[in-house]
Amino acid sequence: LKDGVWYSPLAVVFTAIGADVKKEKGKVTLGIYGKSATFTEGSSIAITNDGEVELSHSVYRGENSQLYIPLDAVVSCFNMKWAYSKRNNYISIEHVDEAIPMTKQP
């Protein structure tokens, strides 16, 4: 949380879930679910395979020199959703097509 905005080092998160991640000097390109986006340090514009997307805030370099991207980017660039659980101090990020597993009741 920085200045009331939730950010994440999405390259680290996306690497953990097996997405395509390409880090270059001052920018990172992420690809998942058939979508890709390039985020540049200091910019509030993401370049996606669908065109430019305006983010709520600029990307910044944070802890461990990672690029921190506003979490609204997962919504606008990747058709994903995120939620924060204050009780557990936990952020969940998932694709909107992910269904809750439901077994049949005989």
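So, how was this worked out
- Residues numbered from 1 in each chain as written.
- Predicted model: local features only at pLDDT ≥ 70, side-chain atom pairs only at ≥ 80, totals over all residues.
- Heavy atoms only, no water.
- pLDDT = per-residue confidence, 0-100.
- Helix = DSSP H or I, 4+ residues; strand = E, 2+ residues; numbered from the N terminus.
- Core = buried A, V, L, I, M, F, W, Y, C linked by side-chain atoms within 4.5 Å.
- Buried < 20%, exposed > 50% of the residue type's maximum accessible area, 1.4 Å probe, protein only.
- Contact = heavy atoms within 4.5 Å.
- Pairing = 2+ DSSP bridges.
- Axes fitted to C-alpha atoms, helices over the stretch in contact; angles between N-to-C directions.

Our next topic: the confidence of the model for the protein chain. Scored by pLDDT, the protein chain has a mean of 91; 94% of the residues are at 70 or more. The least confident element of the protein chain is strand S10 (residues 90-95), whose mean pLDDT is 84; the most confident is strand S5 (residues 45-48), at 98.

Moving on, we come to the nonpolar core. Of all hydrophobic cores here, the largest spans 21 residues; its most connected members are Phe14, Leu30, Phe39, Leu55, Ile69, Cys77 and Phe78. At the level of elements, helix H1 (10-16), strand S3 (27-32), strand S4 (35-40), strand S8 (67-70) and helix H2 (72-78) are the ones that each hand at least two residues to this core. Considering each element in turn, this core owes the most residues, 4 residues, to H2. Non-local contacts of Leu55, meaning those with residues more than four positions away in its chain, are made with Phe39, Ser44, Ala46, Pro70, Asp72, Ala73, Ser76 and Cys77.

A few words on the sheet that holds S4. Sheet architecture is open: 5 strands sit in the order S2-S3-S4-S5-S6, paired in antiparallel fashion. Every other strand in the sheet has two partners, leaving strand S2 (20-24) and strand S6 (51-54) as the edge strands with one partner each. The average undirected angle you get between the axes of adjacent strands in this sheet is 20°. The pairing of S2 with S3 spans 5 bridges and is antiparallel. Paired with Glu24 across the strands is Lys27, a residue of S3.

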